[in-house]
Each structure stands twice: as C-alpha cells, then as structure tokens.
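Chain by chain, the residues:
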Amino acid sequence: MADHLEATLTLPSDPASVSTARAFVAGILGEWGLPADAEAADTVRLIVSELATNAVQHTFGQSPTFTVDLVLDRDEQLRIGVTDSHPRFPQRLPAAVQQDNGRGMVIVRWLTAEAGGRLRVRPTREGGKTVIVELPWTVPAVEPAAAAGVLAAPAEGGELPGR
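Residues numbered from 1 in each chain as written. Predicted model: local features only at pLDDT ≥ 70, side-chain atom pairs only at ≥ 80, totals over all residues. Heavy atoms only, no water.

**Section: the overall build of the protein chain**
Item 1. Each helix and strand counted, the protein chain has four helices and five strands in total.
Item 2. Sequence-ordered secondary structure for the protein chain, helices as α and strands as β, is β-α-α-β-β-α-β-β-α.
Item 3. Taking all 163 residues of the protein chain together, 36% fall into the buried category.
Item 4. Contacts spanning at least 24 positions in sequence make up 63% of the contacts within the protein chain whose residues lie at least 6 apart.
Item 5. For the protein chain, the accessible area works out to roughly 9200 Å², and carbon and sulfur atoms hold 54% of it. (Helix = DSSP H or I, 4+ residues; strand = E, 2+ residues; numbered from the N terminus. Buried < 20%, exposed > 50% of the residue type's maximum accessible area, 1.4 Å probe, protein only. Contact = heavy atoms within 4.5 Å. Areas by Shrake-Rupley, 256 points an atom, 1.4 Å probe, with all protein chains shown as cover.)

**Some points on the packing of helix H2 (residues 39–57) against helix H3 (residues 104–114)**
Item 1. Two numbers describe how H2 lies on H3: the axes approach to 9 Å, and their chain directions differ by 155°. One element, H2, and the other, H3, form an angle in the roughly antiparallel class. In the packing of H2 onto H3, the handedness of the crossing is left-handed. Along its contact with H2, which presents Thr 43, Leu 46, Ile 47, Glu 50, Leu 51 and Asn 54, the element H3 presents Gly 104, Met 105, Ile 107, Val 108, Leu 111 and Thr 112.
Item 2. The residue inventory of the contact of H2 with H3, partitioned by class, reads seven nonpolar, four polar and one charged. (Axes fitted to C-alpha atoms, helices over the stretch in contact; angles between N-to-C directions. Parallel < 35°, antiparallel > 145°, perpendicular 65-115°, else oblique. Left-handed = near helix turned anticlockwise from the far one by under 90°. Nonpolar A, V, L, I, M, F, W, Y, C, P; charged D, E, K, R; others polar.)

**Points about H3**
Item 1. Burial in H3 covers these residues: Gly 104, Met 105, Val 108, Leu 111 and Thr 112. Projected down its long axis, H3 carries its buried residues within an arc of 125°, all on one side. Structural note: H3 exposes Trp 110, Ala 113 and Glu 114 on the side pointing more than 90 degrees away from its buried face.
Item 2. If you follow the buried residues of H3, they end up packed against H2, strand S4 (118–123) and strand S5 (129–136).
Item 3. In the segment just after H3, Gly 116 is the residue with positive phi, at about 80°. (Arc of directions from axis to C-beta.)

**Considering the nonpolar core**
Item 1. In this structure, Trp 32, Phe 66 and Ile 80 are the most contacted members of the largest nonpolar core, which totals 34 residues.
Item 2. Contributions of two or more residues to this core are made by strand S1 (4–12), helix H1 (16–31), H2, strand S2 (65–73), strand S3 (77–84), H3 and S5.
Item 3. Top element by residues in this core is H2. It accounts for eight residues. (Core = buried A, V, L, I, M, F, W, Y, C linked by side-chain atoms within 4.5 Å.)

**Some details on the packing of H1 against H2**
Item 1. Taken N-terminus to C-terminus, the directions of H1 and H2 make an angle of 150°; their axes are 9 Å apart at the nearest point. By the criterion of interaxial angle, the relationship of H1 to H2 is roughly antiparallel. As for how H1 packs across H2, the hand of that crossing is right-handed. Counting all contacts with H1, which are made through Val 18, Ala 21, Arg 22, Val 25, Ala 26 and Leu 29, the residues of H2 involved are Ala 41, Val 44, Arg 45, Val 48, Ser 49, Ala 52, Thr 53 and Val 56.

**Let's talk about the sheet that holds S1**
Item 1. Taken together, the five strands give an open sheet; going across it, the order is S1-S2-S3-S5-S4, and neighbouring strands pair in antiparallel fashion. In this open sheet, the two strands that pair with only one neighbour each are S1 and S4. Strand-to-strand twist of the sheet, defined as the mean angle between neighbouring strand axes without regard to direction, takes the value 15°.
Item 2. Here H2 sits on the sheet and contacts S2, S3 and S5; the angle it forms with S3, its principal contact strand, is near 15°. (Pairing = 2+ DSSP bridges.)

**Remarks on the pattern of salt bridges**
Item 1. Using the criterion set out here, one finds five salt bridges in the structure.
Item 2. Overlapping salt bridges, with partners in common, bring together Arg 118, Arg 120 and Glu 134 in one network. (Salt bridge = Lys/Arg side-chain N within 4 Å of Asp/Glu carboxyl O.)

Here it is, written out as structure tokens:
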C-alpha cells in the first residue's frame, strides 16, 4: 500500500455541489478499500455533507468555490479537509429546539469524537479557512489500480488473496 494517498475536488459554492462532494468522497473511499456500506463510510459521507453545506450556506457569497481534500496516511489516518475563502470560522451555536439550522458543526464534532478523531480549523494563506477532521483508518486500503478492477490473479484453489 502507498504511504500516502490524496484526492481533491473543487466545486462551486452551490447547493447542488453538496451531493457532488458526497459522491466524490464515496467513490474515493471505495477506491481506497472502504466498502460503501461500512459505518465508517457513512460517517465520512455525513461529515463531508455537513462541511460542504456549511461552505455553501455560511460564506454569504464570499466564497465562489470550496475544496474537498482527502488524505490517507500510512493506512492509519484519514484526513478530511473542506476549504472555503470566507474568513469567518465556524461558530458554536446553541442548538435551540426551534432552530432549523446551525447544528452542522455539532454533528461533525459528535461524529468525529465518536470515531476517535480530531477536529481543527485552520486559516488559509488567502484569508479563508480549512475545517480538518482526522479519523483513524480502520480498514486496510487497496492500491487505486486494484480498486479500479485490476485484481491479482486467483491463488491456488480459485480464491483471490485476502478474500
């Protein structure tokens, strides 16, 4: 397995981009060996969905695009980053019962903690910010070529290695 895998996608700050970001992440996770029906895949998709929604809704038109970065280091840690060009950091808002929104970061913090991860927000050189979620990677990743359909020859007995 490679020591370091990366994938990046930049999208327009448009509500339709949230589902595109989610689909991008699902595809990359699958290429890296995480089954689509795994609980960890659901967690990552939800985190990306919430962060992408924030990048679209809470930048008030000041960020024409946002970027989703995925980094897998040494089969140990998955780092998710969502960057926009708005300078305001996410705010901790009280989740009032009547509130229709404002709970996205609460959800992201809870999912991150539940998975044993860490959440940070860092400013960018350009004056924006990146929300970073680091999660332990609990499944062995596969080489991207293997995930794309290039599989090893069956071992004796017709079984693929590791299956």
